[in-house]
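# A look at the structure
These are the residues of each chain, in order.
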Amino acid sequence: MTESKVMPDFSTIKYERPSVDKFKECVQATRLKLMSARDPEVAAAALFEYEKELVYFDTMVALANILHDLDTSDQYYTDEVAYCDEASATVSELCSAVYSVLLSSPCADALKEKYGEMIFLKAQNLKDTVSNEVVDDLVEEANLENEYAQIQSEAEIEFNGKTLNLSMLAPYLESTDRNVRIKAHKALDDYYMSKKETFDEIYDKMVKVRTRIAHKLGYKNFTELGYKRMERYDYNREDVAKFREAIRKYIVPITVKIRELQKERFGYDELKFYDLPCIFKNGNPVPSVKMEDYRKISGDLFAEVLGVKPSFFDVLSDHGFTDLISRKAKSTGGYCMYLEEYAIPFIFMNANGTADDVATIVHEGGHAYAAIKSAEVSPFVECLSPTIETCEIHSTSMEFLTYPYMEKFYGENAQAYRELHMTQALLFLPYGCMVDEFQHIIYDDPDMTPEQRHQVWLDLEHKYQPFIKYEDHPFHAMGGAWMKKDHIFTTPFYYIDYCLAHMCSLELWDESEEDYKSALIKYNRLCECGGNETFLKILEGVGLASPFDVDTVKRLAFRTCEFLEL
Ligand code: ZN
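Just so we're clear, the structure is a prediction, and the values are computed from it rather than from any experiment.

### Digging into the packing of helix 3 (residues 75–103) against helix 5 (residues 118–129)
Closest axis-to-axis distance for the helix 3/helix 5 pair is 9 Å, and the angle between their directions is 120°. Here helix 5 runs oblique to helix 3, going by the angle between their axes. Helix 3 and helix 5 meet at a crossing whose hand is left-handed. Here helix 3 contributes S96, Y99, L102 and L103 to the contact with helix 5, which in turn contributes I119, F120, A123, Q124, L126 and K127.

Now the structure itself:
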């Protein structure tokens, strides 16, 4: 969305199947040129030819996915997505072949000097995480991940005479009617109990194959490899352990207090497991505006937050790069997908008039805004966006920075929305840490039995969520709740990134309460950085404290308590 280019309409962008053979030819030519180039200019020119092909390939893959998600009944794009998935595996192998030559190029130092170190860090990282020796194991790992996801997506739960899947059951789990909640949680517990052995078996195989991959690549255990896969360039497991401990010490007591107040609001003797999702007695606040007005209101909201009119969101919407409302034959979920060739993000989501709608709009809006701001930060497309914890600051901070404007969506319920959002952010932190600590313990001792793994989870719940009382829920009571979290199966060690991003976003929120303008300047700087630096260097450059600093956690715990009047 640069000024030099005229912005196209989404509908005019044509998909065509990207050719793997053409990409392969380009990779071979690039490798030859890189190997022989003595002049950094020549090496750079070869690299940029390759980048052009990569950008085209990525854009077509993104386009196939978006077009499929907009209308899942269109068989053509279903087939194209399948083709793209397969082609992407080959393309990423080819990319790693370019990187390995880049690392040993005679021009490496000169290129580093000119374009920065990041692309080299990424090249080395990819080399450290994949090798020919583990290709079969990686296929096995991917198959196990698909198996888990497939079973979850095919869940059939009998409830009130209807057959529901997991996401259809979700609203009943947080119903304002306690009896409905009790029944829904019972149905969920029964469902998972019936899958327990299958999931135990899948997870056991996953732990073993991941450990085998780690050993073959020369790591002591999968945790070490997991950190590499997550591209953690400037912090390690000791830093993360310190962070979790700070959350346990300063945030867990706040969540205990939140639950105590929740119990009082409802007038219950005891807050049970099935009561937890229902924070407010009258249910969680929902937008007071019509869904068809979301687009316009969101555009206005971003214009006011960022002080630019029309806002990036207006421009995206006017050109067809947002699709907000749920409808038949549209894929579920929400995301922001970047079309590299055009430097334009696409916002996809499924608003349905519930409490989540607005948080999702501003979250994905934050991702989109950052993508636009960093579109020209590096000639390497790989370095446009940063590592995941930093990307999640772009989005999560936007959720907090839009607080003062929430009257637009919630009218007189805006304060209830802000309180609910902050409450959920605080409740999330210990949960996220628990998911992370669980995985460290599991991969440190890959030979544990399933029963031992469930015991680990129970012990962690005791530590991070001391208010949970399961009673008549045998699956949860035996320590099974972790099996509901897909990240534990499909994207190991991912979860702490959300916690780190939350903490950094709370810091920006805190600053915005004191001095909104200064917080916004920092936020803009953060988005403009793109992925040219590593996590802690970006924070330092922007002027944000590290979440690994215990005092930061302590200070923000205090400030959030004040905000919620706890
Ligand atoms: Zn996100």
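What follows picks up the thread again.
### Let's talk about the nonpolar core
Side chains of nonpolar character tend, in soluble globular proteins, to be buried together. In terms of nonpolar packing, the biggest core is built from 194 residues, with Y50, Y203, F243 and F489 touching the most fellow members. Ranked by residues supplied to this core, first place goes to helix 16 (residues 414–444) with 16 residues. Apart from residues no more than four positions distant in its own chain, Y50 is found in contact with F23, C26, V27, T30, C95, V98, Y99 and E382.

### Points about the coordination of the zinc ion
Coordination of the zinc ion by the protein involves H363 (NE2), H367 (NE2), E392 (OE) and E392 (OE), with metal-donor separations of 2.2 to 2.5 Å. With four donor atoms in place around the zinc ion and angles of 52 to 143° between them, the coordination shape is irregular. The motif formed by the donor residues of the zinc ion, counted along the single chain, is H-x3-H-x24-E. Of the two residues, H363 and H367 both sit in helix 13 (residues 356–373), four residues apart, roughly one turn of that helix. On the basis of relative accessibility, which here comes to 16%, the residue H363 falls in the buried class.

### Things to note about the packing of aromatic side chains
Going through the model one piece at a time under the given rule, you end up with 50 aromatic pairs. Where Y495 meets Y498, the ring centres are 5.4 Å apart and the plane angle is 80°; that geometry is what we call edge-to-face. On the basis of an interplanar angle of 80° and a centroid distance of 5.3 Å, the ring pair of W509 and F563 is categorised as edge-to-face. You can see W509 sitting in helix 20 (residues 496–514) and its partner F563 sitting in helix 23 (residues 550–564), a full 54 residues away along the chain. As far as the burial class goes, W509 and F563 line up, both buried. R17 extends its terminal NZ or CZ atom over the ring of Y83, reaching a point 4.0 Å from the ring centre. Directly above the ring of Y268 sits R178, whose terminal nitrogen or CZ lies 3.5 Å from the centroid.

### Some details on helix 5
The end-to-end C-alpha distance of helix 5, which contains twelve residues, comes to 17 Å, matching closely the 16 Å that a straight helix rising 1.5 Å per residue would cover. Among all positions of helix 5, only M118, I119, F120, K122, A123, N125 and T129 are buried. In the core, the buried residues of helix 5 are packed alongside helix 3, helix 4 (108–115) and helix 9 (222–229).

### A look at the sheet that holds strand 3 (residues 322–325)
Here we have three strands laid out as an open sheet, ordered 3-5-4, and mixed in their pairing. Each edge of the open sheet carries a strand with a single partner, namely strand 3 and strand 4 (335–339). Strand-to-strand, the axes of this sheet are offset by a mean angle of 15°, without reference to chain direction. Against the sheet, helix 2 (residues 40–70) contacts strand 3, strand 4 and strand 5 (344–351), and its axis sits at roughly 140° relative to strand 4. Taken strand by strand, helix 13 contacts strand 4 and strand 5, and its axis lies near 170° from that of strand 5.

Cut-offs applied
- Here the residue numbering is sequential within each chain, running from 1 through the sequence in written order.
- Local features in this predicted model are restricted to residues whose pLDDT is 70 or higher, and side-chain atom pairs enter the listing and the counts only when it is 80 or higher, whereas totals over whole chains, interfaces and linings include all residues.
- With hydrogens and water set aside, each side-chain value is computed from the structure's full complement of heavy atoms.
- An axis is simply a line fitted to the C-alpha atoms; with a helix, the fit covers only the stretch in contact. Between two such axes, the angle follows the N-to-C directions and lies from 0 to 180 degrees.
- For helices the rule is a DSSP run of H or I covering at least 4 residues; for strands it is a run of E covering at least 2, with both sets numbered from the N terminus onward.
- In this scheme, roughly parallel covers angles under 35 degrees and roughly antiparallel covers those over 145, while 65 to 115 is roughly perpendicular and the rest are oblique.
- Crossings are assigned a handedness: left-handed for a near helix turned anticlockwise from the far helix by less than a right angle, right-handed for a clockwise turn.
- Contacts are assigned to residue pairs that have any heavy atoms within 4.5 Å of one another.
- Definition of nonpolar core: a set of buried residues of the types Ala, Val, Leu, Ile, Met, Phe, Trp, Tyr and Cys, connected through side-chain atoms within 4.5 Å.
- In this scheme, a residue with accessible area under 20% of its type's maximum is buried, one over 50% is exposed, and one in between is partly exposed, where area comes from a 1.4 Å probe on protein chains only.
- Note that water is not among the atoms used; donors are N, O and S atoms within 2.8 Å of the metal (3.2 Å for Na, K and Ca), so sites may look incomplete.
- Think of it this way: with four donors and all angles in the 85 to 135 degree range, the site is tetrahedral; with four or six donors, opposite ones beyond 155 degrees and the rest between 65 and 115, it is square planar or octahedral; otherwise it is irregular.
- Aromatic rings from Phe, Tyr and Trp, with only the six-membered ring used for Trp, were paired whenever their centres fell within 6.5 Å, and each pair was classed as stacked if the ring planes differed by under 30 degrees, edge-to-face if by over 60, and tilted otherwise.
- Counting as a charge over the ring demands two things of the Lys NZ or Arg CZ atom: a distance within 6 Å of the ring centre and an angle within 35 degrees of the ring normal.
- Multiplying one less than the number of residues by 1.5 Å gives the expected span of a helix.
- A pair of strands is labelled paired if DSSP reports no fewer than 2 bridges between them.

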